[in-house]
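# Descriptive analysis of the structure
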Amino acid sequence: MIKIDGNKFKKELLEEYKEKIASEHLDIRLDIIFVGDNGASEVYVGKKLEAASYVGIRTNLHRLGMKTTTKEVQDLIKSLNEDDEVTGIILQSPVPKGVDFDSCAGLIESRKDIDGFTKQNIFALYNNDEELIPCTVKGIIKLLTHYGVNLEGKNVVIIGRSSIVGKPLALALINRNATVTVCHSKTVDLEAFTKNADILISAVGVPGLIKENMVKEGFVGIDVGTTRVFDEASGKNKLKGDFDFEALSKKASLITPVPGGVGPMTVTCVIENLIDAKLEEKKHQKKMNLKINR
Ligand code: NAP
């Protein structure tokens, strides 16, 4: 069994990105809108800002209070869309109840949509013409590729059908010629599906949901689930995945731990999407200049 090391791969990739940004003189700016005071978001936003600064990307954090309205967030997004200094925009989820996330995130200009949530980017993914795709999805594909997993013809089972993980991941895997089954809370006899998976990806958020008897020998396991649970032994909160990791490790050929598997890749792919967005912007500018000079 090989335990996937997302942190090590993240480090290698960040070095590559740092080098690329410096050598190609890419002037990139990331703007993150953080509404409210969600503790987990505080950690995720901190990690994105840290990684961005490390590779030489300028950052701008817009912290807005709990009483912020949808219109205020929309107005901020519109002004960032128009600002040529801004390469990428992230509206950190979740937002407080008074803000309608979808109607705000949907306003982000697609070429600045680092999370890949806008209709245009999702449609491009649907059409196998991928542009900016959701960072967790991109991170999972990068991990599998890096560890030499061939997706073509593989029987992949995804558990979870959310708009940010399960659904876009299914599309991205179909685009890579995998045979994909998506399970969810209404799936009858989950085990019947998971047992046949060459690659099993769980994005649920129920610690220990996937047990040893539910997987086949030699499967590849990707655990997206992250749930904070109180650990009596240490008296601290710990992150737990959906896999019964110790037991599943005995049967897996390749498996991600939680933490240290998919999580670091999500942050890494924020940086990759920013670089892609910048390169696209440069291409677009070049085309426009050519038109003007004609
Ligand atoms: P979500 O929107 O809550 O979706 C959870 C999915 O799991 C739903 O489709 C739900 O089915 C399904 N589900 C719930 N209970 C189930 C059960 N007993 N059996 C089978 N399916 C079940 O969550 P999400 O935003 O996709 O996130 C999922 C997990 O991944 C969370 O733990 C989250 O923290 C984690 N996550 C991690 C990263 C990372 O970078 N590591 C990124 C994103 C999310 P229904 O649709 O029928 O309700």
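The sections below set out a description of the structure shown in this document.

Cut-offs used in this document
Residues numbered from 1 in each chain as written. Predicted model: local features only at pLDDT ≥ 70, side-chain atom pairs only at ≥ 80, totals over all residues. Heavy atoms only, no water. Patch = residues over 30% accessible without salt bridge, like charges linked within 9 Å, V, L, I, M, F, W, Y side chains within 5 Å. Areas by Shrake-Rupley, 256 points an atom, 1.4 Å probe, with all protein chains shown as cover. Salt bridge = Lys/Arg side-chain N within 4 Å of Asp/Glu carboxyl O. Lys, Arg positive; Asp, Glu negative; His and termini not counted. Charge placed at Lys NZ, Arg CZ, Asp CG, Glu CD. Helix = DSSP H or I, 4+ residues; strand = E, 2+ residues; numbered from the N terminus. Buried < 20%, exposed > 50% of the residue type's maximum accessible area, 1.4 Å probe, protein only. Pairing = 2+ DSSP bridges. 1 Å grid on protein atoms, 1.4 Å probe; cavity = no way out; pocket = protein on both sides within 12 Å on 5 of 7 lines; lining within 4 Å. Points joined across faces, edges and corners; volume = space filled by probe spheres on them. Core = buried A, V, L, I, M, F, W, Y, C linked by side-chain atoms within 4.5 Å. Domains from an automatic or database assignment. Contact = heavy atoms within 4.5 Å. Disulfide = S-S within 2.5 Å. Near = heavy atom within 4 Å. Polar contact = N/O pair within 3.5 Å; in protein donor to acceptor, adjacent residues only side chain to side chain. Nonpolar A, V, L, I, M, F, W, Y, C, P; charged D, E, K, R; others polar. Axes fitted to C-alpha atoms, helices over the stretch in contact; angles between N-to-C directions.

### Things to note about a negative patch on the surface
On the surface, Glu212, Glu217, Asp244 and Glu246 cluster together into a negatively charged patch. Relative to the elements of secondary structure, aspartate 244 occurs in the loop between strand 10 (236–240) and helix 9 (245–249). Taking the relative accessible area as the measure of exposure, aspartate 244 reaches 32% and is therefore partly exposed.

### Notes on the pairing of strand 10
One ladder, built from 5 bridges, connects strand 9 (residues 227–231) with strand 10; its direction is antiparallel. Bridging across to strand 10, arginine 228 finds its partner in leucine 239. Between the antiparallel neighbours strand 9 and strand 10 lie 4 residues, among them glycine 235 with a positive phi of about 70 degrees.

### A short note on unusual backbone geometry
Residues serine 93 and proline 94 are joined by a peptide bond in cis, for which omega reads 0 degrees. Turning to its location among the elements, proline 94 is positioned in the loop between strand 4 (88–91) and helix 4 (101–105). Geometrically, the link from valine 258 to proline 259 is a cis peptide bond, its omega value of 0 degrees lying close to zero. Tracing the backbone through its elements, the reader meets proline 259 in the loop between strand 11 (254–255) and helix 10 (262–293). Residues other than glycine seldom take positive phi values, yet aspartate 189 does so here, at roughly 60 degrees.

### Overview of empty space enclosed by the protein
One pass over the structure, following the stated rule, counts 1 cavity of 30 Å³ or more. Taken as a whole, the largest cavity spans an internal volume of roughly 40 Å³. In terms of lining, the largest cavity is formed by Ile89, Ile90, Leu91, Phe101, Ala105, Ile108, Asp113, Asp115 and Phe117. Mapped onto the lining of the largest cavity, the elements with two or more residues apiece are strand 4 and helix 4.

### So, the nonpolar core
If you look at the biggest cluster of nonpolar residues, it comprises 54 residues, and the most contacted ones within it are Ile57, Ile140, Leu173, Ile201, Ile222, Val224 and Ile271. Ranked by residue count, the leading element in this core is helix 10, at 9 residues. Counting only domains with at least three residues in this core, you end up with domain 1 (25–111) and domain 2 (135–263). Other than its neighbours up to four places away in sequence, isoleucine 201 contacts Ile140, Val156, Val157, Ile158, Ile159, Leu169, Leu173, Ile222 and Val224. Formed by 15 residues, the second largest nonpolar core is a distinct cluster that contains Ile33, Ile77, Ile89 and Leu91.

### Comments concerning the state of the cysteines
Summed over the entire model, instances satisfying the criterion amount to 0 disulfides. Looking at cysteine 104, it has no disulfide partner, and the nearest cysteine sulfur is the one in cysteine 135, 19 Å off. Free of any disulfide, cysteine 135 has its nearest cysteine sulfur in cysteine 269, 6.3 Å distant. Classification of cysteine 135 by relative accessible area gives buried; the value is 4%.

### Observations regarding the site of the ligand
Taken together, 18 residues sit near the ligand, with Arg161, Ser162, Ser185, Thr226 and Thr266 positioned nearest. With respect to the ligand, the side chain of serine 162 contributes an N or O atom lying 2.5 Å from an oxygen atom. For the ligand, an oxygen atom lies 2.5 Å from a polar atom in the side chain of serine 185. Burial of the ligand by the protein chains amounts to 68% of its free accessible area of 930 Å². Of the residues contributing to the shell around the ligand, the split by class is 7 nonpolar, 10 polar and 1 charged.

### Thoughts on the sheet that holds strand 4
Strand order in the open sheet made by the 3 strands is 3-2-4, with parallel pairing throughout. Edge positions in the sheet fall to strand 3 (58–64) and strand 4, since each has one partner strand and no second. Taking each pair of neighbouring strands and ignoring which way they run, the sheet shows an average axis angle of 15 degrees. For strand 2 (residues 29–35) and strand 3, the ladder comprises 7 bridges, and the chain directions are parallel. Paired with isoleucine 33 across the strands is histidine 62, a residue of strand 3.

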